Amino acid sequence: MVYIHINKCNSAIVLRSDSKMSDLPSDIEEEVLSRLPVTSLGKLRLTCKKWNTLTKDESFLKKQRKKGTEMVMMLGHKVSLMSFDLLNSLSIERIGNLNADGVYISEVIHCEGLFLCITTKDKEDDSSSLFVLNPLLGQTKWIEPMKSCCQICENYAFGYDKEEKIHKILRFVNEYYSNGNRVCEFGVYSLQNSSSWKVVDDFAPDWSISYNHSGLSLKGNTYWYAQERNRPGRIPQNNPDFLLSFDFTTERFGPRLPLPFHASFEDTVTLSSVREEQLVVLFHNFYASFIKIWITNKIEPNAVSWDNLFLDVDLERVGICLQVSSFAGSFFVDEEKKVAVVLYKEREYVGSLTSNIVYVIGNKRCFKVNLGESLDKGYRPFVCSYVPSLVRIRNTA
């Protein structure tokens, strides 16, 4: 017994409560099922052989990809598919859970519909594991961690080789121990073509990336906000800062790319993207009340050009008192409505519990939504747009 009501182009399809899905024409049946969230596909495929075949068909998967209105959010070690409505006020609806059972996800890196998840087994175990997930196809592949003498201050990136059409994972460490000894490690894992890490020995960069600044995957490459490396024990107060890239085709870091501002050590810099095509950067001055956001005209591993300011908001002028910390987490922009949606953590007063907060910030309006207490005090919240991928992960587990 089912009842389905679909609004499409001001029309409706109704299946009576005494009817069955099999009573529908095949094209309508496919349309109905494609409206379901991607997190429901796994259970749907277990229902019957017909739906298992249908939901793996290319035409069905392409309809899922065209929805394009969903966001992925990580809060409290849980990764969920969310629906954001910015029409009048901010409405957030949880569509489904993307988590693997029994693991605590500490970091998520998104690359065009695929997710690299860095996990720990539980709250008491600090050892990390990796897996790649395609929610649309319900495929997961666990990755054997790279053998290392350093299990802290790891940096990961996720992208793809444009020539060989394969996805790759980058892991590197670029830190000093308390005794002054430097640790530099560099390895690349090919997702489709290998089951081991390729280690590069000649890695000693003259730049540094703070653990607060995750990389952004865009058009197969990864970008970070970086600063010129300081001598051990010194804080990089006013070191030159720049955009740094990694090209997964050449497996090399690119040249320093200019930013439209200069940030000090205390300031917040966060990266995002628009339609998997343009890079977006948010800059918040630690000693001022403004937030500025720029969008690129052109972005490649060896070249960048910046458009005029997308958003320049004096937070005090719009009536809010907000100090975006280095745990700002992440953000996305809505070009049509000319607003930024910022996800971060907030303490109402010293000693209070930390809350996950969403702010919608525009030139003429700003409002706030409290998502509740943050149980993972040491991890940043994360949000990104999600367009499902047809890429199949081989040797799935």
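Quick summary incoming for the structure in this document. Sequence order sets the numbering: in each chain, residues are counted from 1 along the sequence as written. Note on the predicted model: pLDDT of at least 70 is required for a residue's local features to be given, and 80 or more for side-chain atom pairs to be given and counted; whole-chain, interface and lining totals, by contrast, use all residues. Neither water nor hydrogens contribute to the side-chain values; these are computed over all heavy atoms in the structure.

### A look at the overall build of the chain
The helix and strand inventory of the chain stands at 4 helices and 27 strands. Buried means the residue's accessible area, taken with a 1.4 Å probe over protein chains only, is under 20% of the maximum for its type, while exposed means over 50%, and partly exposed covers the values in between. By the burial criterion, 53% of the 397 residues in the chain qualify as buried. Expressed as a percentage of contacts within the chain between residues at least 6 apart in sequence, the contacts between residues at least 24 apart total 50%. Helix and strand assignments come from DSSP, with helices taken as H or I runs of at least 4 residues and strands as E runs of at least 2, each series counted from the N terminus. When checking whether two residues touch, look at their non-hydrogen atoms; a contact exists if any pair is within 4.5 Å.

### Description of the pairing of strand β26 (residues 366-373)
Only strands that DSSP links by at least two bridges are regarded as paired with each other. In this structure, strand β25 (residues 354-362) lies alongside β26, joined through 6 bridges in antiparallel fashion. Bridge pairing in β26 links Ile-361 to Cys-366. Taking the residues that link successive antiparallel strands as the turn, the β25-β26 hairpin has 3 residues.

### With respect to the sheet that holds strand β11 (residues 166-176)
By way of backbone hydrogen bonds, the strands of a sheet pair with one another, either parallel or antiparallel. Read from one edge of the open sheet, 4 strands run β10-β11-β12-β13, paired in antiparallel fashion. Each of the sheet's edge strands pairs with one partner strand only, and the pair in question is β10 (155-161) and β13 (197-199). On average, adjacent strands in this sheet sit at an angle of 25 degrees to one another, irrespective of strand direction. Both β10 and β11 contribute to a ladder of 7 bridges, which runs antiparallel. When the bridges of β11 are listed, Tyr-156 appears paired with Arg-171. Lines fitted to C-alpha atoms define the axes here, with helix axes fitted over just the stretch in contact, and angles between the N-to-C directions of these axes take values from 0 to 180 degrees.

### Let's talk about the sheet that holds strand β19 (residues 268-274)
The antiparallel open sheet is built from 4 strands, whose spatial order is β19-β20-β21-β22. Looking at the sheet topology across the chains shown, the edges are occupied by β19 and β22 (303-314). Across this sheet, the average inter-strand angle for adjacent strands is 25 degrees, counted without regard to direction. In this sheet, strand β20 (residues 278-284) lies alongside β19 in antiparallel orientation, the contact comprising 7 bridges. Following the sheet pairing, Val-274 is matched in β20 by Gln-278.

### A few points about the pairing of strand β16 (residues 221-228)
Most of β16 is tucked away: 7 of the 8 residues are buried. Direction of pairing for strand β14 (residues 207-208) relative to β16: antiparallel, over a ladder of 2 bridges. Opposite Trp-207, over in β16, you have Glu-228 as the bridge partner. Alignment of strand β15 (residues 216-218) against β16, held across 3 bridges, turns out to be antiparallel. The residue bridging Leu-218 from the neighbouring strand is Asn-221, located in β16. As defined by bridge partners, β16 adjoins strand β17 (residues 241-247) across 6 bridges and the pair is classed as antiparallel. Bridge pairing in β17 places Trp-224 opposite Leu-244.

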